[in-house]
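# Analysis of the macromolecular model
Here is how the chains run, residue by residue.
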Amino acid sequence: MTQDEMKRAVAQAAVEHILKKLERDSIVGVGTGSTANCFIDALAAHRDRFAATVASSEATAERLRGHGIEVLDLNSVGGIDVYVDGADEFDPHLNLIKGGGGALTREKIVAAASREFVCIVDQSKQVDLLGNFPLPVEVIPMARSLIGRELAKLGGQPVYREGFVTDNGNLILDVHDMEIVDPKALERHLNNLPGVVCNGLFALRGADLVLMSTPEGVKTFKAS
Ligand code: 5RP
């Protein structure tokens, strides 16, 4: 089974999972990335089963609209029933690293607004300890060097994602070799650095459910 086939399989499993819960007035939050794209494509066949979506990026909004699925501004909905998105890593506590695609800030906002967060991954994303994947940090452009130095003090090696501008007009530093012993504490600490917009740790609001594709089928991990 190829990685693409695994992505499609887990996306289909997520659609089946959410269809059990969706009502005609439900709002679905939709993530960003190649696995989320597979979810969008699988969701399209069921667009009459829910009211609308909220997208975590411009790219996702465009793909949803391309399928004829309505996309609403988060400010115009009372809340989101379920959010489906991929991740770059997940640990046994369902803490995540996200932001490989650079959409971390809007993804974190949509996750925070959602009653349920279903994370869809293939088995390459499963880790015991987060941090092998470089941790994305979105920063205000004028704070790039300042934040780079702060991240280096914490033991990481920040690398500027050259040529990339987020949907919010900011920059990304990808932090290599960061020791992530306490993901919640590090998420809080990074959030408090002036100039940081958001960091790719999703631990304070991790996933409620991870669906992980393997060649043997889709495995389910629930938050305890
Ligand atoms: C984008 C993300 C993605 O969910 C993450 O990078 C995983 O992407 P993919 O499904 O393409 O592996 O956080 O900001």
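Presented here is an overview of the structure given in this document.

The rules behind the values
Each chain has its residues counted from 1, running along the sequence as written. Totals for whole chains, interfaces and linings use all residues, but because this is a predicted model, local features are given only for residues with pLDDT of at least 70 and pairs of side-chain atoms are given and counted only at 80 or more. Water and hydrogen atoms play no part in the side-chain values, which are based on all heavy atoms of the structure. A pair of strands counts as paired when DSSP detects no fewer than two bridges linking them. Every helix listed is a DSSP run of H or I at least four residues long, and every strand listed is a run of E at least two residues long, numbered separately from the N terminus. All axes here are fitted lines through C-alpha atoms, helices being fitted over the stretch that makes contact, and every angle between N-to-C directions spans 0 to 180 degrees. In this analysis, two residues are considered to be in contact whenever any of their non-hydrogen atoms come within 4.5 Å of each other. Nearness is defined per residue: one heavy atom within 4 Å of the molecule or strand is enough. Whenever a nitrogen or oxygen atom comes within 3.5 Å of another N or O atom, the pair is scored as a polar contact, on the condition that within protein one atom can donate a hydrogen and the other can accept it, and that pairs from neighbouring residues in sequence are kept only if both atoms are in side chains. Per-residue accessibility takes into account occlusion by the displayed protein chains alone, with areas from the Shrake-Rupley method and a 1.4 Å probe. Amino acid classes used here: Ala, Val, Leu, Ile, Met, Phe, Trp, Tyr, Cys and Pro are nonpolar; Asp, Glu, Lys and Arg are charged; the rest, including Gly, are polar. Salt bridges are identified by distance alone: a Lys or Arg side-chain nitrogen within 4 Å of an Asp or Glu carboxyl oxygen. For each residue, the accessible area found with a 1.4 Å probe, counting protein chains only, is set against the maximum for its type, and the residue is called buried under 20%, exposed over 50%, and partly exposed in between. Orient the strands so they point away from the viewer, and a crossover whose first-strand-to-second-strand path over the helix runs clockwise is right-handed.

## What about the sheet that holds strand β2 (residues 52–55)?
Reading across the sheet, the 6 strands line up as β2-β1-β3-β6-β12-β13 and stay open at both edges, with mixed pairing between neighbours. Looking along the sheet, the strands with just one partner apiece sit at the ends: β2 and β13 (217–222). Averaged over all pairs of adjacent strands, the angle between their axes in this sheet comes to 20°, without regard to strand direction. Bridge analysis of strand β1 (residues 27–30) against strand β3 (residues 80–85) gives 3 bridges, and the strand direction is parallel. When the bridges of β3 are listed, valine 30 appears paired with valine 84. In the packing of helix α2 (residues 34–43) onto the sheet, contacts are made with β1, β3 and β6 (114–122), and the angle to β1 comes to roughly 150°.

## Considering the sheet that holds strand β7 (residues 135–139)
One key point about sheets: their strands pair by backbone hydrogen bonds, in either a parallel or an antiparallel sense. Pairing is antiparallel in the open sheet, where 4 strands are placed in the order β8-β9-β7-β10. With one partner strand each, in any of the chains shown, β8 (157–160) and β10 (196–199) form the two edges of the open sheet. For this sheet, the mean inter-axis angle between neighbouring strands, taken without regard to orientation, is 30°. Pairing of β7 with strand β9 (residues 171–176), which is carried by 5 bridges, proceeds in the antiparallel orientation. Each bridged residue has a counterpart across the sheet, and for glutamate 138 the counterpart in β9 is isoleucine 172. Against the sheet, helix α5 (residues 144–153) touches β7, β8, β9 and β10, its axis set at about 15° to β9.

## A closer look at the site of the ligand
Contacts to the ligand come from 16 residues, most closely from Ser34, Thr35, Asp88, Gly99 and Lys125. Here an oxygen atom of the ligand sits 3.4 Å away from a polar atom, N or O, in the side chain of aspartate 85. Out of a free accessible area of 380 Å², the ligand has 90% covered by protein chains. Of the residues in the shell around the ligand, the class split is 2 nonpolar, 9 polar and 5 charged.

## Description of the pattern of salt bridges
Under the definition given, this model contains 10 salt bridges. Here glutamate 107 makes a salt bridge to lysine 98, at a shortest N to O gap of 3.2 Å. A salt bridge links glutamate 150 to lysine 153, with the shortest nitrogen-to-oxygen separation between them at 3.1 Å. Placement of the pair is glutamate 150 and lysine 153 together in helix α5, with a separation of 3 residues, close to one helical turn. Owing to a relative accessible area of 23%, glutamate 150 belongs among the partly exposed residues under this scheme. The network of salt bridges with common partners includes Asp85, Lys98 and Glu107.

## Here's the deal with the side chain of threonine 105
Tracing the backbone shows threonine 105 in helix α4 (residues 104–112). The class for threonine 105 is buried, based on a relative accessible area of 10%. Beyond its immediate stretch of four places on either side in the chain, threonine 105 contacts Glu138, Asn168, Val197 and Cys198.

## Let's talk about the pairing of β2
Alternating positions in β2 separate into two faces, Ala52 and Val54 on one and Thr53 and Ala55 on the other, with burial throughout. Here 4 bridges tie β1 to β2, and the two strands are oriented parallel to one another. Looking at the pairing, valine 30 lines up with alanine 55 of β2. A crossover links β1 with its parallel partner β2, the connecting element being α2, and its sense is right-handed.

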